[in-house]
Amino acid sequence: MMETGGSSSVATKKATLTPKAIIYQKFGSEARYYIEEVQEPAEYGCPGLAIPHKGPSLYRCSLQLPGISVVSGTFKKKKDAEQSAAEMAIEKFLPSLQPLSGHLRAALQREGDLNGLVPVSVMAICDSKLSNLCKFINPKVESNPFLVIPLIMRAAARLSGILATSEGQLWIRRQNPYPREIMESSISQPSGSPQSTLIEAVCIPCSSEKAVETVTLDVSSTGYYLDAISKKLGLTDAANVLVSRTVGKTSSETRLYFAAHQSCMLDLSSDPLTAKEAIHLEGPLNESLSKKGPLNERASYFSGHDIYGDAILASIGYTWKSKDLSYEDVSVQSYYRMLISKIPCGLYKLSREAVLMAELPLAFTTRTNWRGSYPRDILCTFCRQHRLSEPVFSTETTPIKAPSESPACGKKLRVTDSTEEEIEHEKGCARDTVARESAESAVTYQCGVKLFSKCQDLIVECFPKDSFKKQNDSIQNTSLKVLSWLNAYFRDLDMTPEKLNSTANSLEIRFCEKNFSKEFALCRSIHNVYQSETQGAKFLDENHISMPNTLPGQGVFSLNIDGPDSGVCPSNGCLLVISYSVSLVTESGYKKVLESSDEFEFEIGAGAVIPHLEAVVIQMSIGQSACFKMDMAPKEFVLAAAAVSARNLSLLSSKSCCLKYSLTLLRVTEPLEERMEQALFSPPLSKQRVEYAVKHIRESCATTLVDFGCGSGSLLDSLLNYPTTLEKIVGIDISQKSLSRAAKILHSKLSRNTDGNAPIACVKSTILYDGSVTDFDSRLCGFDIGTCLEVIEHMEEDQAFLFGDVALSSFRPKILIVSTPNYEYNVILQKANLSSQEEDPDEKTHIQSCKFRNHDHKFEWTREQFNCWATDLAAKYNYSVEFSGVGGSADIEPGFASQIAVFRRTSPPDEDEHLKDTDSAHHYKVIWEWNRPSTYSS
């Protein structure tokens, strides 16, 4: 029935069996798994796309058993498909094992007067139908599960001819003995002498002054595990052991076990119990419980209901999957990991497997930069840990209005030789276009969330005003606001109501103080996680860092950085990869490694790690190593990080003990340009550039448009949100991956809007080309307007000059809009410091310390360099040019973040110049083409 754990050591934990393991136990090598790769179609199909696009590779598993077979669904991983097939086979063909049957088998093996006695407490937790019926009779069972016990006992007393009970005893057994054949089939006698298994559990003393400690349960293969637990609690009968609901994951068997003293028993007469009487049982039951002594606050906090006396935390029990006893060791470390998992920052730390390093980030950045569990998942887990209802999210959408006069367009710096008549004509067309505006299909999302108790009492609600382009971003950011506020509460449990309200208001949170206090009443006595027991333990020396925004007595000292400076240093928004270890050290030289990682990634400036670490790492360059010491972290986190021996435990309260951090900076990924811009500009700079271009396109009354370097189609997609005069739209790029993405986006939007009243009703055709913007293709000649947003800096500088020549000499659009980063603005984005402004302006030495905004940029021009490039081009090819930009201001140094040049053709092109090359100059490949059905053509 069980594995032998040996006589002197704790047995290796026995993990809960997976479905595949259960199938192997039943069928062995006769169970055969056949994996089939399934090529699913692309999630977003795009008719006419010349680029072959396959969907993700998925796997399906066929499980062959003797006489039967099952086929799973499709999964991304082969092992998931195998487990799914095994689970299907178990559900369909293997009999389910009621957990209560395991208790009954064990009870039938007990000797003497205990034979056949089943504790009522296990009936309450194993029989869900019985539990639900009791909740229907008395809804207060939801908050106090032990109200089920008197209900079961009184019902059993009514069945005296079938069941036997005893006054004041919490057990039930069958009145008449079981038939011999049932006894023989239910009890499997092991061969040889009985074996024993040693299982590790944790004792939580009632007195908070006593430490939590490990205990060992000695469970015999012919015995009952509740008897072993009752022995540890000093009880003579397992019937006097009460069992809590599961602690932590509901799939586990981790529960609290504690004594049910005689004083908590009611007069369990055989009179029928009415629903009205059942509701009033809670009063006398609680009254009797109060006579049992002091409340076990730590155990009560874990279970969610009152527990009196010492308690045992163990992961052991009978499950639906196997008739064998399922168990896992529970250590003191496990206890503390469960303890910190009830705090938002603790949940995040555990998800990152970096208890002593990670912190709950200050903001939800992006999916690519966020590490660990997402805020929404953490909030849902937090609610489950505290026995609250699942969070209720609600999202609202707001249409995006057309940017008739977008402030993002900026001021004009200079205009050269504009044709006034042409400009006035374009403005008149724009006014006519604006007059035809209708409601737009593009929307932004706002999300609200409410937290309720199990009794549906409102506890917290948050409705931020922030809007997001993606629904998921709005949900994650709202979740993070609530988590940040809850985290602030756990950080300072002595926070005054005034400060708690002020913090809530700053995060657009409202809460019911009465309900909040009720649900988190025990937190104050349990959590003291931000008050170190070793404050003042320092090895102060000259190399000491004063940390802003850290707690008193928790600074960084004894800092030492080794290795040559490689010149590659992190800045805000960078993704770093470090290796690290955290050790417990003493003045005498003792060292114990608590936590380590070969590769740990985080984003600088997001608050995703402890501030001490970030303060050190920003002083390092790639390849350098650093060591520093820090005051003791909160005891709960230290104990959750690693298994600590009795000696280590005594050191935690010693003033000679501190933490030593050792780390090496392995890699630095420069911050994406978009990430830096989003952090500084609202709306993001990328959106401001698009809005600038959209405004000019609409004002131009153009019928044809070509977007040079269209990428994933952000500009073309935005254009389709507004009424324009455009009939033909063309995009060109050298990235087939980006073109494929653009094709799907455009196809989806164009296919949905084929009626004559849609904003894009004028668009008759859209084409995407694969090709270089420096190559000429006669099919793109003479367009009304061309755009090239943040493209030229991705070329070599000589290629950017070539593009300017090809665009204005060969393609010759009436209008060309070109934007590129202003290198001088990088000092703002990267939060660097300008050197002395008194240096020679011709040398521009003060900007040499700035990095390019993106690792893919080949160059970035200053304002002077960009103006020279554009002015020379305009003069050379009979264009006028005006300069503007978005982000920042022309009148304030260092100008616009993105500088923009708008070229306007001042003379008609020479038709003969291009006609001679029309037939041969087709250098681009059509990737995707869309034409409006003739039914809808105007």
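Residues numbered from 1 in each chain as written. Predicted model: local features only at pLDDT ≥ 70, side-chain atom pairs only at ≥ 80, totals over all residues. Heavy atoms only, no water.

### Some details on the overall build of the protein chain
Tallying secondary structure elements over the protein chain gives 30 helices and 31 strands in all. Out of the 938 residues in the protein chain, the part that is buried amounts to 52%. By sequence separation, contacts in the protein chain at least 24 residues apart represent 73% of the contacts at least 6 residues apart. Carbon and sulfur atoms form 49% of the exposed surface of the protein chain, whose accessible area is close to 43,800 Å². (Helix = DSSP H or I, 4+ residues; strand = E, 2+ residues; numbered from the N terminus. Buried < 20%, exposed > 50% of the residue type's maximum accessible area, 1.4 Å probe, protein only. Contact = heavy atoms within 4.5 Å. Areas by Shrake-Rupley, 256 points an atom, 1.4 Å probe, with all protein chains shown as cover.)

### So, helix 8 (residues 225-232)
Residues of helix 8 that are buried: Tyr225, Leu226, Ala228, Ile229 and Ser230. Positive phi shows up at Gly234, right after helix 8, with a value of about 80 degrees.

### Considerations on the nonpolar core
Tyr225, Ile229, Tyr257, Ile316, Trp485 and Phe516 are the most contacted members of the largest nonpolar core, which totals 148 residues. When residues of this core are assigned to their parent elements, the largest contribution, 8 residues, is made by helix 16 (residues 471-491). Setting aside anything within four residues of it in sequence, one finds Tyr225 in contact with His103, Val219, Tyr257, Ile316, Gly317, Tyr318 and Leu325. Counting 41 residues, the second-largest nonpolar core is a separate cluster that includes Cys710, Ile817, Val886 and Trp928. (Core = buried A, V, L, I, M, F, W, Y, C linked by side-chain atoms within 4.5 Å.)

### A look at the packing of aromatic side chains
Scanning all chains against the criterion turns up 32 aromatic pairs. Each ring, one from Phe302 and one from Tyr335, has its centre 5.0 Å from the other, and the planes form 45 degrees; the classification is tilted. In this pair, Phe302 sits in helix 11 (residues 297-303) while Tyr335 sits in helix 12 (residues 332-340), placing the two residues 33 residues apart along the sequence. Of the two residues examined, Phe302 and Tyr335, each falls in the buried class. Between Phe382 and Phe490, the aromatic rings sit 6.1 Å apart at their centres with planes inclined by 80 degrees, giving edge-to-face as the arrangement. Here Phe382, found in helix 14 (residues 375-385), pairs with Phe490, found in helix 16; they are 108 residues apart in sequence, far enough to count as distant. Residue classification places Phe490 among the buried residues on the basis of a relative accessible area of 2%. Grouped by ring-pair contacts, the aromatic residues Phe382, Trp485, Tyr489, Phe490, Phe511, Phe516 and Phe520 constitute a single cluster. If you follow Lys20 out to its NZ or CZ, it ends over the ring of Tyr33, 4.8 Å from the centre. Here Lys349 stacks its cationic end above the ring of Phe637, 5.2 Å away from the centre of that ring. (Phe/Tyr/Trp six-rings, centres within 6.5 Å; stacked < 30°, edge-to-face > 60°. Lys NZ or Arg CZ within 6 Å of the ring centre and 35° of its normal.)

### Focus: the sheet that holds strand 2 (residues 57-65)
Spatially, 3 strands are ordered 1-2-3 in an open sheet, and the strand pairing comes out antiparallel. On the outer flanks of this sheet lie strand 1 (32-39) and strand 3 (68-75), each paired with one strand and no other. Pairs of neighbouring strands in the sheet enclose a mean axial angle of 20 degrees, with direction left out of account. When strand 1 meets strand 2, the two strands line up antiparallel, connected through 8 bridges. Note on strand 2: the bridge partner recorded for Tyr33 is Leu63. Of the strands in this sheet, strand 1, strand 2 and strand 3 touch helix 2 (residues 78-93), which is tilted by about 140 degrees from strand 3. (Pairing = 2+ DSSP bridges. Axes fitted to C-alpha atoms, helices over the stretch in contact; angles between N-to-C directions.)

### Quick look at the sheet that holds strand 17 (residues 509-511)
Read across the open sheet, the 4 strands follow the order 13-15-16-17; overall the sheet is antiparallel. Since the sheet does not close on itself, it has two edges, and those belong to strand 13 (392-399) and strand 17, each with one partner. With direction set aside, neighbouring strand axes in the sheet form an average angle of 15 degrees. Packing against the sheet, helix 16 makes contact with strand 13, strand 15 (443-452), strand 16 (458-462) and strand 17, and its axis sits at approximately 35 degrees to strand 15.

### Considerations on helix 2
Helix length check: helix 2 (16 residues) gives 23 Å between terminal C-alpha atoms against 22 Å at 1.5 Å per residue, within 8%. Along helix 2, the residues that are buried comprise Ala81, Glu82, Ser84, Ala85, Ala86, Ala89 and Ile90. Of the surrounding elements, those touching the buried residues of helix 2 are helix 1 (19-27), strand 1, strand 2 and strand 3. (Expected span 1.5 Å × (residues − 1).)

### A word on the confidence of the model for the protein chain
Taken over all residues, the pLDDT of the protein chain has a mean of 79, while the share at 70 or more is 77%. Counted against residues more than four places away or in other chains, residues 266-291, with its pLDDT under 50, gives 44 contacts. When the criterion is pLDDT under 50, residues 529-554 qualifies, and its contacts beyond four places in sequence or with other chains add up to 58 contacts. (pLDDT = per-residue confidence, 0-100.)

### Considering the pairing of strand 27 (residues 785-789)
With 5 of 5 residues buried, strand 27 is to be regarded as a mostly interior element. The side-chain alternation of strand 27 yields two buried faces, one formed by Ile785, Thr787 and Leu789 and the other by Gly786 and Cys788. The pairing of strand 24 (residues 704-708) with strand 27 spans 3 bridges and is classified as parallel. Paired with Asp707 across the strands is Thr787, a residue of strand 27. Where strand 27 meets strand 28 (residues 815-821), 5 bridges bridge the pair, whose relative direction is parallel. Bridge pairing in strand 28 links Cys788 to Val818. Traced from strand 27 through helix 27 (residues 797-811) to strand 28, the parallel crossover comes out right-handed. (Right-handed = clockwise from strand over helix to strand, strands pointing away.)

### Quick look at the side chain of Lys749
Residue position: Lys749 is located in helix 26 (residues 736-752). Here Lys749 falls in the buried class, since its relative accessible area comes to 10%. The contact partners of Lys749, leaving out residues within four places of it in the chain, are Asp717, Leu720, Asn721 and Ile760.

### So, unusual backbone geometry
Excluding glycine, residues mostly have negative phi values, and the peptide bonds linking residues are mostly trans. The residue after Glu893, namely Pro894, is reached through a cis peptide bond having omega 5 degrees. Structurally, Pro894 is set in the loop between strand 29 (879-888) and strand 30 (896-905). Its identity as a non-glycine residue notwithstanding, Glu508 has a phi of 60 degrees, on the positive side. As for its placement among the helices and strands, Glu508 is situated in the loop between helix 17 (497-506) and strand 17. The phi torsion at Arg812 lies on the positive side, around 45 degrees, for a residue other than glycine.

### Structural notes on the environment of Ser738
Within the secondary structure, Ser738 is located in helix 26. Linking Ser738 and Gly713, residues 25 residues apart in sequence, is a C-alpha distance of 7.9 Å. For Ser738, the residues in contact, after removing those within four places along its chain, are Gly711 and Ser712. Reaching out from Ser738, the side chain makes a polar contact with the side chain of Ser735 at a distance of 3.1 Å. (Polar contact = N/O pair within 3.5 Å; in protein donor to acceptor, adjacent residues only side chain to side chain.)

### Regarding the packing of helix 14 against helix 16
Contact geometry of helix 14 with helix 16 gives a least axis separation of 8 Å together with a crossing angle of 50 degrees. Between helix 14 and helix 16, the interaxial angle falls into the category oblique. When the axes of helix 14 and helix 16 are compared, the crossing they make is left-handed. Taken together, the residues of helix 16 that come into contact with helix 14 (itself represented by Pro375, Arg376, Ile378, Leu379 and Phe382) are Ile475, Gln476, Ser479, Leu480, Val482, Leu483, Leu486 and Phe490. Each residue belonging to the contact of helix 14 with helix 16 can be placed in one class, and the counts come to 10 nonpolar, 2 polar and 1 charged. (Parallel < 35°, antiparallel > 145°, perpendicular 65-115°, else oblique. Left-handed = near helix turned anticlockwise from the far one by under 90°. Nonpolar A, V, L, I, M, F, W, Y, C, P; charged D, E, K, R; others polar.)

### Here we look at the pattern of salt bridges
This model, assessed by the stated rule, comprises 22 salt bridges. Between Lys349 and Glu359 there is a salt bridge whose closest N-O contact spans 3.7 Å. With Lys349 in helix 13 (residues 344-352) and Glu359 in the loop between helix 13 and helix 14, the pair connects residues that are 10 residues apart, well separated along the chain. Neither Lys349 nor Glu359 differs from the other in exposure class; each is buried. The network of salt bridges with common partners includes Arg110, Asp227 and Asp237. (Salt bridge = Lys/Arg side-chain N within 4 Å of Asp/Glu carboxyl O.)

### Quick notes on the environment of Glu824
Summarising the element assignment, Glu824 is placed in the loop between strand 28 and helix 28 (826-829). The exposure class assigned to Glu824 is buried, which follows from its relative accessible area of 10%. Placed 71 residues apart in sequence, Glu824 and Gly895 show a C-alpha to C-alpha distance of 7.9 Å. Of the polar contacts made by the side chain of Glu824, one reaches the backbone nitrogen of Arg863; its length is 2.9 Å.

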